Amino acid sequence: MSQKNEFKLNPKPSWKELPIASIIPQPSTSRFYLTGDWRSFRPVIDKDKCVGCGLCWSYCPDAAIKWFEDGSVEVDLNYCKGCGVCAEECPAKAITMVEEVEE
Amino acid sequence: MAKRIALECSHAISLAVKLANVDVIAAYPITPQTHIVERLSEYVADGELDAEYINVESEHSAMSACIGASAVGARCFTATAGQGLALMHEMLFIAAGNRLPIVMAVANRCLSPNLSIWGDQSDMMASKDCGWIQMYGENAQEVFDLTLQAFRIAEDERVLLPVAVNFDGFYVTHVIESLTVLEQEEVNRFLPPRRKAKYTLHPDNPTTWGPIGLPDIQTELKYQLEKAIQNSKKVIKEVWREYGEISGRYYDVFEPYRLEDAEVAILMMGGHCGTARIAVDRLREKGLKVGLIKLRLFRPFPFEELVEATKHLKALAVVDKAFSPGGFGGPIFSEVRSAFYDLDVKPRIVGFIAGLGGRDIRVDEFMGLAEKVLRGEKIEKNYVFLQVRE
Ligand code: SF4
Ligand code: SF4
């Protein structure tokens, strides 16, 4: 993960530690929640097929795809939850969902 | 100096809300509540109250607007009744769960069908588990006082919960009574004109409210709410004491009437307590030791106080103006029986469901039910529908 984890809240707080009404008192904390943990299928991009259109980037519900100036794309596996939307939407059929296997 | 004036009970609430210097009022008109917000809209239009009056398209929106406004730190008020409260149901939980100190007046009205604009307590009782502090008033003076107190209680940082002030549709809402009101300076000393809030929605310091609650958070969150409302009773009593010192009117979780030497007491909430008092007096004239407990605070329910004050009785006749179809009588009846369960010696507790859909409960009916209980008459299932025609 690129960002330093400066999120101080205990993920399993007692009812007293939980901020009132469980209000999250600091902004943009969702980046500390690694939805990549949910994944059972991983998108694998075939760079030869990719035309750099960026549709996968715009469809990804977790903003897990990075789209660079040169048109190339990359999946951030910390956040990719493996939903397969990108593979479904890719017009060049450049993305394959590959099952995750225990190492 | 305290001023004595005559006001319709609904307008007594409007005046209290004006004196409380609310920032936002969001409401949808519904009988028998309409007079409250109608008067408030006049105050705003006439420049007597500097508040935002939001005309919304439904009660669901009224509560939603209050929730949003309260989250940015505004002091908010709304009022509703019957179906309107039912339409708000979802948002009532959001208000309490987000610990927003909104104050709402409920002009208690029977839930449809059949279409009924008349009073009973079935509306609030259908929402009794929404996490709000719930009080019931009997007359103009009481609802004026309760409304002012509600803001103080709700906004206390040890509480931070919404408060509903209930009063009977028509029987109380539309009646003109005399009452003593506080001056603006007195109110300002009791209730600071601006609300203080620790967390608010503000772009300079972003916060997230009502995020997804995964299973490993939700239990703690709900328990936090339970603790907050249970602990609020202490603060409510504190505020009542302070208000007593200012106004000379001291409130408590319930109000006993001729209870000390009573053998039997009627227990109920709201406007019909006035009729019940007359019944108590007439029975006393006949030599029967009957008293009354007017319950004021329904949530948090004053279990200990009630047991302490009534355990000497032979019997308690609980009158509910609502019931739980297929359940065990009326909601107050269920609470009172639970309160006494662990005691070895306890009064007989009998439930009466009456006054539904605006049907009056007459003095002779109160006398009859008290005598029935006093005589130890056997009552089927421990609770009965008092007024149903066979
Ligand atoms: S699989 Fe789903 S979460 Fe992962 S990159 Fe594709 S669209 Fe985003
Ligand atoms: S949608 Fe397909 S073709 Fe377009 S950028 Fe993504 S991977 Fe490449």
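Relevant structure appears above.
The text that follows walks through the structure, step by step, so that each part is easy to find. Computed from a predicted structure; not experimentally measured.

**So, the site of ligand 1**
Okay, step 1: In the vicinity of ligand 1, the residues found are Pro43, Cys60, Pro61, Ile65, Cys80, Lys81, Gly82, Cys83, Gly84, Val85, Cys86 and Met97 of chain A.
Okay, step 2: Of the residues that constitute the shell around ligand 1, the class distribution is nine nonpolar, two polar and one charged.

**Digging into the site of ligand 2**
Okay, step 1: Around ligand 2 lies a shell formed by Cys50, Val51, Gly52, Cys53, Gly54, Leu55, Cys56, Val73, Cys90, Pro91, Ala92 and Ile95 of chain A.
Okay, step 2: Here the shell around ligand 2 is composed, by residue class, of ten nonpolar, two polar and no charged.

**Observations concerning the packing of aromatic side chains**
Residue and element names in this part refer to chain B.
Okay, step 1: Summed over the entire model, instances satisfying the criterion amount to eleven aromatic pairs over all chains.
Okay, step 2: Ring plane angle 55° and centroid distance 6.0 Å describe the contact between Phe333 and Tyr383, whose orientation is recorded as tilted. Of this pair, Phe333 sits in helix α11 (residues 331-340) while Tyr383 sits in strand β15 (residues 383-385), placing them 50 residues apart in sequence.
Okay, step 3: According to the relative accessible area criterion, Phe333 is buried, its value standing at 0%.
Okay, step 4: An aromatic cluster of at least three residues, connected via ring pairs, comprises Phe298, Phe301 and Phe303.
Okay, step 5: The lysine or arginine in question, Arg277, covers the ring of Tyr257, its NZ or CZ lying 5.8 Å from the ring centre.

**Structural notes on the nonpolar core**
One recurring pattern in soluble globular proteins: nonpolar side chains tend to sit buried together.
Residues and elements named next belong to chain B.
Okay, step 1: Formed by 115 residues in total, the largest nonpolar core has its most connected members in Met63, Phe77, Trp132, Ile133, Phe144 and Val336.
Okay, step 2: If one sorts the elements of this core by residue count, helix α6 (residues 140-155) sits on top with nine residues.
Okay, step 3: When residues of this core are sorted by domain, at least three fall in each of domain 1 (3-247) and domain 2 (254-385).
Okay, step 4: Setting aside anything within four residues of it in sequence, one finds Trp132 in contact with Met63, Leu92, Ala95, Ala96, Ile102, Met104, Pro162, Val163, Ala164, Ile229 and Arg299.
Okay, step 5: Core analysis: the next-biggest nonpolar cluster, separate from the first, contains 24 residues, Val280, Leu292, Ile361 and Leu369 among them.

**Structural notes on the interface of chain B and chain A**
Okay, step 1: Contacts between chain B and chain A engage 19 residues on the former and 16 residues on the latter.
Okay, step 2: Summed over both sides, the interface of chain B with chain A buries roughly 1600 Å², with 70% coming from carbon and sulfur.
Okay, step 3: Taken together, chain B and chain A are joined by zero salt bridges.
Okay, step 4: For the pair chain B and chain A, the interface holds four residue pairs in polar contact (both at pLDDT 80 or more).
Okay, step 5: No other element matches the seven residues that helix α8 (residues 215-247) of chain B contributes to the side of chain B that touches chain A.
Okay, step 6: For the side of chain B that touches chain A, a count of residues per class yields nine nonpolar, six polar and four charged.

Conventions we followed
- Residues numbered from 1 in each chain as written.
- Chains lettered and ligands numbered in written order.
- Predicted model: local features only at pLDDT ≥ 70, side-chain atom pairs only at ≥ 80, totals over all residues.
- Heavy atoms only, no water.
- Near = heavy atom within 4 Å.
- Nonpolar A, V, L, I, M, F, W, Y, C, P; charged D, E, K, R; others polar.
- Phe/Tyr/Trp six-rings, centres within 6.5 Å; stacked < 30°, edge-to-face > 60°.
- Helix = DSSP H or I, 4+ residues; strand = E, 2+ residues; numbered from the N terminus.
- Buried < 20%, exposed > 50% of the residue type's maximum accessible area, 1.4 Å probe, protein only.
- Lys NZ or Arg CZ within 6 Å of the ring centre and 35° of its normal.
- Core = buried A, V, L, I, M, F, W, Y, C linked by side-chain atoms within 4.5 Å.
- Domains from an automatic or database assignment.
- Contact = heavy atoms within 4.5 Å.
- Buried area = accessible area lost by both parts, 1.4 Å probe.
- Salt bridge = Lys/Arg side-chain N within 4 Å of Asp/Glu carboxyl O.
- Polar contact = N/O pair within 3.5 Å; in protein donor to acceptor, adjacent residues only side chain to side chain.

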